[in-house]
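Here's the letter readout for the chains.
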Amino acid sequence: NAGVTQTPKFQVLKTGQSMTLQCAQDMNHEYMSWYRQDPGMGLRLIHYSVGAGITDQGEVPNGYNVSRSTTEDFPLRLLSAAPSQTSVYFCASRTQGRGYTFGSGTRLTVV
Amino acid sequence: GQQLNQSPQSMFIQEGEDVSMNCTSSSIFNTWLWYKQDPGEGPVLLIALYKAGELTSNGRLTAQFGITRKDSFLNISASIPSDVGIYFCAGYDSGAGSYQLTFGKGTKLSVIP
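Residues numbered from 1 in each chain as written. Chains lettered and ligands numbered in written order. Predicted model: local features only at pLDDT ≥ 70, side-chain atom pairs only at ≥ 80, totals over all residues. Heavy atoms only, no water.

**A look at the overall build of chain B**
So, step 1. For chain B, the count of helices and strands is zero helices and eleven strands.
So, step 2. Across chain B, helices and strands are ordered from the amino to the carboxyl terminus as β-β-β-β-β-β-β-β-β-β-β.
So, step 3. Over its C-alpha trace chain B gives a radius of gyration of 14 Å, about what one expects of a compact globule, namely 13 Å for 113 residues.
So, step 4. Overall size of chain B, expressed as C-alpha extent along the three principal axes, is 45 × 30 × 20 Å.
So, step 5. In the structure as shown, chain B presents an accessible area of about 5,300 Å², 51% of it carried by carbon and sulfur atoms.
So, step 6. Put simply, chain B has 7 plus and 9 minus side-chain charges, and the middle of one group is 8 Å from the middle of the other. (Helix = DSSP H or I, 4+ residues; strand = E, 2+ residues; numbered from the N terminus. Rg over C-alpha atoms; globule rule 2.2 N^0.38 Å. Areas by Shrake-Rupley, 256 points an atom, 1.4 Å probe, with all protein chains shown as cover. Lys, Arg positive; Asp, Glu negative; His and termini not counted. Charge placed at Lys NZ, Arg CZ, Asp CG, Glu CD.)

**Quick look at the sheet that holds strand 3 (residues 19-25) of chain A**
All names here are of chain A.
So, step 1. Strand order in this open sheet of four strands is 1-3-8-7, and the pairing throughout is antiparallel. Every interior strand has two partners, whereas the edge strands, strand 1 (4-7) and strand 7 (64-66), have only one. Each strand axis lies, on average, 20 degrees off the axis of its neighbour in the sheet, ignoring direction.
So, step 2. As defined by bridge partners, strand 7 adjoins strand 8 (residues 76-78) across three bridges and the pair is classed as antiparallel. (Pairing = 2+ DSSP bridges. Axes fitted to C-alpha atoms, helices over the stretch in contact; angles between N-to-C directions.)

**Focus on the packing of aromatic side chains**
All names here are of chain A.
So, step 1. In total, this model carries eleven aromatic pairs over all chains according to the counting rule given.
So, step 2. Aromatic pair Tyr35 and Tyr100: ring centres 6.4 Å apart, planes at 80 degrees, arrangement edge-to-face. With a gap of 65 residues between them, Tyr35 in strand 4 (residues 31-38) and Tyr100 in the loop between strand 9 (87-94) and strand 10 (101-102) connect regions that are remote in the sequence. In this pair, the class of Tyr35 matches that of Tyr100, namely buried.
So, step 3. Their ring planes at 80 degrees and their centres at 6.3 Å tell us that Phe90 and Phe102 sit as a pair that is edge-to-face. In this pair, Phe90 sits in strand 9 while Phe102 sits in strand 10, placing the two residues twelve residues apart along the sequence. (Phe/Tyr/Trp six-rings, centres within 6.5 Å; stacked < 30°, edge-to-face > 60°. Buried < 20%, exposed > 50% of the residue type's maximum accessible area, 1.4 Å probe, protein only.)

Below, the structure written as structure tokens:
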């Protein structure tokens, strides 16, 4: 039981490049979310999903896309990377009525 | 949207001392969660609270769900060096159909041996 797995752990992008942050969970959790963490800002919700095929925007969705084709996977796509997207990204999953389990994060730098 | 005010922002304490931190929200929550984050890692769930007035312990940690449902408290007794980290409160109002977990900005705890 691996929990929530995020890849890659580190990434450097040039402004304008696109990439996909991968997230997979093996706990059969219905709910999955993506957060970004910036100094002094805590964790802010980017997008979330309540089940396969269903996604919705969080607090800071601009510049990011998500899809949920399976229960296990919830990739986050950066369409055209900007320096403001330099952050640590966390994927999390949970089941009904329980707290989120977090992955170990992806540290993204956009230059 | 919902806002969580977490205090204090940071604490420096002596090993062996007790620690208290709290969180208040602008709206009613049905669930309160407390997480700890170690450097370079994701947050780890410490305690979950599901009912107003609930008091729950996890080892030296005790958390309470405020009666007003707009606040929560976390206490750490007899702190040790491995308690160092950032503690986050979080909550959501599942009763209102919201699946978005809102986080406080964290309390950074430093323990002086």
